[in-house]
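An overview of the molecular structure
So the chains spell out like this:
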Amino acid sequence: MKNRLNLTMLTDFYELTMANGYLEAGLEDNIACFDMFYRRVPDGGGYAIMAGVEQMIDYLKNLKFDDEDIEFLRSKNMFCDKFLDYLRNFEFKCDVWAVPEGTPIFPHEPIVTVLGPVIQAQFVETMILLTINHQSLIATKANRIVRAAKGASVMEFGTRRAHGTEAAIMGARAAYIGGCAGTACAIADRDYGISALGTMAHSWVQMFPSEYEAFKKYAQIYPDNCVLLVDTYNVLKSGVPAAIKVFKEMKPKSMGIRLDSGDITYLTKKARAMLDEAGLQDCKIVVSNSLDEYIIRDVILEGAKIDSFGVGERLITAKSEPVFGGVYKLAALEVDGKLTPKIKISENIEKITNPGFKKVFRLFDKDSGRALADVLTMADEEIPIMDNYEIFDPNAVWKKSRLSNYRVHQLQVQIFDKGKLVYESPSIEEIKEYCKQQVDTLWEETLRFENPQTYYVDLSRKLWNMKQELLEEHSRG
């Protein structure tokens, strides 16, 4: 990104008050382990898409408090001089692991793990959550929309409706990871190489005496890719006929019409018939206007004739459920040189955390390549390759399944080692392709929009037993 801002102070204020408190209490060098995970898939879906790791890396490797930050904190009269000196010489020294971008992720499994001095590991909470929550939300929504389109391309058109500049840019990035073919956001093309696409607004048509003159001038200027907006006045009576006349006269190399209003199914069927009758079978039909996965699915089922979709506000804001809900919780503390598991307990079972320093594995069927289940283990465990490996529902242990003929893949990769970056981020194209490949490993039942089959995130027997011991210990007071 050009003109990068120092985002170190983009944090919840309590991260600073806790950090000062840890220092005052002499705990600053205590080693802590935090996990980021989420509890529920947006829109009642079966999975989410991991995104935002590259921006998390950029934040972590550039953490630095400048003089303006220090003087601001001094003015609050809440922080000791020792703490301000600590911030002035701040150096990030944590280990960080994360699930790679584009990977399907499921509730309650660690998607980011941070291990290091408690002040540092705690302080980065806000930006890790902000970055991963936002992009994972948009990538997940985009992936649903792209799947609904059944092979027709989807363009992200939401820049002007995004919740601010960063949301527009990072939303475009996340939407591309989720499967969109391009974006309306020019700066996303400049900075990330995501193809910027666009046609014209109704104002272009209104600037000319007639639709025909507006279209002809546009075709003269853009003869290689001419897509005309045909719904300024009347789609079937004037817009499409004028477009046909211009296309036959000007013969652009690539041509299309766009509809931004009206009954999509009816108008695209009629427009397709008119274009074909005129010998313009190569002319594409693009539609936009407050689309989402459900509308797209329905118009396709109704037989609409559409080659590509432009999806704006309902994608870039994830309008149907605009919060991802990822959380960042303490999982372990080092005591006498050993990581001791910590658990958060709640009357709401969903909010009880999985304690300890852990690994996350995904098991795939060797024959079909399909994902079978994810398993959380203690950090010192491995998943055995055997013909009769038992997994179970951690919330209903009588629900068991035995697996055979599977391969095992560890999901998290190490990003930082004692603050040193040890991971090379893939290109945006590689992430997008990886996302497509990984979604294809999910069963159709998990991909359903409504009432998807639950994909299980299981605990190893060792981890489950340890969790039960902690629950028992706390219940005894």
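Residues numbered from 1 in each chain as written. Predicted model: local features only at pLDDT ≥ 70, side-chain atom pairs only at ≥ 80, totals over all residues. Heavy atoms only, no water.

Describing the state of the cysteines
By definition, a disulfide links the sulfur atoms of two cysteines through a covalent bond. Using the criterion set out here, one finds 0 disulfides in the structure. Cys33 takes part in no disulfide bond, and the closest cysteine sulfur to it belongs to Cys94, at a distance of 10 Å. Between Cys185, a free cysteine, and Cys180, which holds the nearest cysteine sulfur, the sulfur-to-sulfur gap is 13 Å. (Disulfide = S-S within 2.5 Å.)

A closer look at the packing of aromatic side chains
The geometry of two aromatic rings is summed up by the distance between their centres and the angle between their planes. In the structure shown here, the tally under the stated rule is 17 aromatic pairs. Both rings, one in Tyr218 and one in Tyr222, keep their centres 4.9 Å apart while their planes meet at 50 degrees; by these two values the pair is tilted. These aromatic residues form a ring-pair network of at least three members: Phe65, Tyr86, Phe90 and Phe123. Taking the ring centre of Tyr212 as reference, the NZ or CZ of Lys245 above it sits at 4.3 Å. Of note, Arg370 hangs over the ring of Trp443, and the distance from its end group to the ring centre comes to 5.6 Å. (Phe/Tyr/Trp six-rings, centres within 6.5 Å; stacked < 30°, edge-to-face > 60°. Lys NZ or Arg CZ within 6 Å of the ring centre and 35° of its normal.)

Focus: the sheet that holds strand 20 (residues 420–421)
The strand order 13-12-1-5-3-19-20 describes an open sheet built from 7 strands, whose pairing is antiparallel. For this open sheet the edge positions go to strand 13 (338–341) and strand 20, each flanked by a neighbour on one side alone. Against the sheet, helix 6 (residues 125–148) touches strand 1 (31–38), strand 5 (112–117) and strand 12 (326–335), its axis set at about 140 degrees to strand 12. (Pairing = 2+ DSSP bridges. Helix = DSSP H or I, 4+ residues; strand = E, 2+ residues; numbered from the N terminus. Contact = heavy atoms within 4.5 Å. Axes fitted to C-alpha atoms, helices over the stretch in contact; angles between N-to-C directions.)

Section: unusual backbone geometry
One non-glycine residue with positive phi stands out, namely Lys251, at about 50 degrees. For Lys251, the position within the fold is in the loop between helix 11 (235–250) and strand 9 (255–259).

Overview of the side chain of Lys467
Within the secondary structure, Lys467 sits in helix 17 (residues 461–475). Among the polar contacts made by the side chain of Lys467, one reaches the side chain of Asn354 at a distance of 2.8 Å. If we skip the residues at most four places from it in the chain, Lys467 touches Ile343, Ile352, Thr353, Asn354, Pro355 and Leu459. (Polar contact = N/O pair within 3.5 Å; in protein donor to acceptor, adjacent residues only side chain to side chain.)

With respect to helix 10 (residues 211–221)
An α-helix turns once every 3.6 residues. As a result, residues three or four positions apart point the same way. Within helix 10, the full set of buried residues consists of Glu211, Ala214, Phe215, Tyr218 and Ala219. In an axial view of helix 10, the angular spread of the buried residues amounts to 130 degrees, which keeps them on one side of the axis. Against helix 9 (202–206), strand 8 (226–229) and helix 11 lie the buried residues of helix 10. (Buried < 20%, exposed > 50% of the residue type's maximum accessible area, 1.4 Å probe, protein only. Arc of directions from axis to C-beta.)

Structural notes on the pattern of salt bridges
What the rule picks out here adds up to 28 salt bridges. Between Arg173 and Glu101 there is a salt bridge, and its shortest N-O distance comes to 2.8 Å. A residue pair is termed long-range when its members are at least 10 positions apart, and Arg173 in helix 7 (residues 165–178) and Glu101 in the loop between strand 3 (95–98) and strand 4 (104–105) qualify at 72 residues. Of the two residues, Arg173 and Glu101, both sit in the buried class. Across the pair Asp440 and Lys436 runs a salt bridge, and its minimum N-O distance is 3.6 Å. Salt bridges here are not isolated pairs; linked through shared partners, they connect Asp43, Lys141, Arg144 and Glu293. (Salt bridge = Lys/Arg side-chain N within 4 Å of Asp/Glu carboxyl O.)

Points about the pairing of strand 5
Consecutive side chains along a regular strand alternate between the two faces of the sheet. Across the 6 residues that make up strand 5, a large majority, 6, are buried. Direction of pairing for strand 1 relative to strand 5: antiparallel, over a ladder of 6 bridges. Paired with Ala32 across the strands is Gly116, a residue of strand 5.

Considering the environment of Glu156
Mapped onto the elements of the fold, Glu156 is located in strand 6 (residues 153–156). Classification of Glu156 as buried rests on a relative accessible area of 0%. Spatially, the C-alpha atoms of Glu156 and Gly262 are 20 Å apart, while their sequence positions differ by 106 residues. In this view, Glu156 contacts Ala172, Ala175, Cys180, Gly182, Thr183, Ala184, Val311, Leu315 and Ile316; residues no more than four positions away in its chain are not counted.

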